[in-house]
Amino acid sequence: MTENSTSIGLGNRPDTGVSALKGRTGAGAPAETRGKTTIADGVVAKIAGMAAREVPGIYKLGAGMARAFGAMRERVPGGGGGVTRGVKVEVGERQAAVDLDVVVEYGVSIVDVAGDVRSNVISAVERMTGLEVVEVNIAVDDVHLPDDEEESGPDEGRVR
């Protein structure tokens, strides 16, 4: 799945990367429904990324290479934050699909965490955008071990 694509039957739209929610028009239509609201793919990706990170048991989002490139991108001025790292979305006119790459904490039930992530992402995206989320695919790429933090700290050497 590529960013800004609409290939899974989510509806065709003339401008890729943006979802259009159309309201009723005319003098008899309520004011809040007159016109069109567009939602960019990046907006849906940010909502999904934040919702996934809120779930207990999620350590980070992003596969190994995505985390490495994301860390480099964060060091570059204007490179952007990591909110959408590990998140890919396809947004159509009325529907969205989300793919997540996650790292879970050691000791948690991966099945339970994945279910909680799906529920939270679907709820947040549907509530905030009005789009129907047709699927949330989760790839668990790693398990964060408690001693990983010690190893990733400054290298003090083995001998003191």
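Our structure's up above, just so we're on the same page.
Bear in mind the structure is a predicted one, so any value in this text is a computation, not a measurement. (Residues numbered from 1 in each chain as written. Predicted model: local features only at pLDDT ≥ 70, side-chain atom pairs only at ≥ 80, totals over all residues. Heavy atoms only, no water.)

Mapped onto the elements of the fold, Ala63 is located in the loop between strand S3 (58-61) and helix H2 (64-75). For Ala63, a relative accessible area of 22% translates into the label partly exposed. In the structure, Ala63 is positioned 77 residues away from Val140 in sequence and 8.3 Å away in space, judged by C-alpha atoms. Contact partners of Ala63, with chain neighbours within four places excluded, come to Asp101 and Asp141. (Helix = DSSP H or I, 4+ residues; strand = E, 2+ residues; numbered from the N terminus. Buried < 20%, exposed > 50% of the residue type's maximum accessible area, 1.4 Å probe, protein only. Contact = heavy atoms within 4.5 Å.)

Counting through the fold element by element, Val102 comes out in strand S5 (residues 95-105). Here Val102 falls in the buried class, since its relative accessible area comes to 1%. Taking the C-alpha atoms as reference points, Val102 and Ala139, separated by 37 residues in sequence, lie 6.2 Å from one another. Ignoring anything within four residues of it in the chain, the contact list for Val102 reads Ile58, Lys60, Leu61, Gly62, Ile138, Ala139, Val140, Asp141 and Asp142.

Let us now look at the packing of helix H1 (residues 41-53) against helix H3 (residues 110-129). At their nearest, the axes of H1 and H3 sit 8 Å apart, and the two run at 140° to each other. As far as their axial angle goes, H3 and H1 are oblique. Crossing of H1 over H3 shows right-handed handedness. For the pair formed by H1 and H3, the contact residues are Val44, Ile47, Ala48, Ala51 and Ala52 on the first element and Val117, Asn120, Val121, Ala124, Val125, Met128 and Thr129 on the second. Looking at the contact of H1 with H3 residue by residue, the class counts come to 10 nonpolar, two polar and no charged. (Axes fitted to C-alpha atoms, helices over the stretch in contact; angles between N-to-C directions. Parallel < 35°, antiparallel > 145°, perpendicular 65-115°, else oblique. Left-handed = near helix turned anticlockwise from the far one by under 90°. Nonpolar A, V, L, I, M, F, W, Y, C, P; charged D, E, K, R; others polar.)

A contiguous nonpolar surface patch, about 410 Å² in accessible area, is contributed by Tyr106, Ile110, Val140, Val143 and Leu145. On the secondary structure map, Val140 appears in strand S6 (residues 132-144). Exposure remark for Val140: the relative accessible area of 36% places this residue in the partly exposed category. (Patch = residues over 30% accessible without salt bridge, like charges linked within 9 Å, V, L, I, M, F, W, Y side chains within 5 Å. Areas by Shrake-Rupley, 256 points an atom, 1.4 Å probe, with all protein chains shown as cover. Salt bridge = Lys/Arg side-chain N within 4 Å of Asp/Glu carboxyl O.)

Evaluation of the coordinates by the stated rule reveals one salt bridge. Across the pair Asp101 and Lys88 runs a salt bridge, and its minimum N-O distance is 3.9 Å. Here Asp101 is found in strand S5, whereas its partner Lys88 is found in strand S4 (residues 87-91), with 13 residues between them in sequence.

A word on H3. For H3, with 20 residues, the first-to-last C-alpha span of 28 Å sits near the 28 Å given by 1.5 Å per residue. Note on H3: the residue one or two positions beyond its end, Gly130, has a positive phi of about 80°. (Expected span 1.5 Å × (residues − 1).)

Next up on the list: the nonpolar core. Counting residues in hydrophobic clusters, the biggest one holds 26 residues, and the most contacted among them are Val44, Ile58, Val87, Val98, Leu100, Val117 and Val121. Listed by contribution, the elements that provide at least two residues to this core are H1, S3, S4, S5, H3 and S6. When residues in this core are grouped by element, the largest group, six residues, is from H1. Once residues lying within four places of it in the same chain are set aside, the contact partners of Leu100 are Ala52, Leu61, Gly86, Val87, Val117, Val121, Val136, Asn137, Ile138 and Ala139. (Core = buried A, V, L, I, M, F, W, Y, C linked by side-chain atoms within 4.5 Å.)

Summarising the sheet, S5 and S6 pair through 11 bridges and their orientation is parallel. By the bridge assignment, Val102 is partnered in S6 with Val140. A crossover connection joins S5 to the parallel S6 through H3; in handedness this β-α-β unit is right-handed. (Pairing = 2+ DSSP bridges. Right-handed = clockwise from strand over helix to strand, strands pointing away.)

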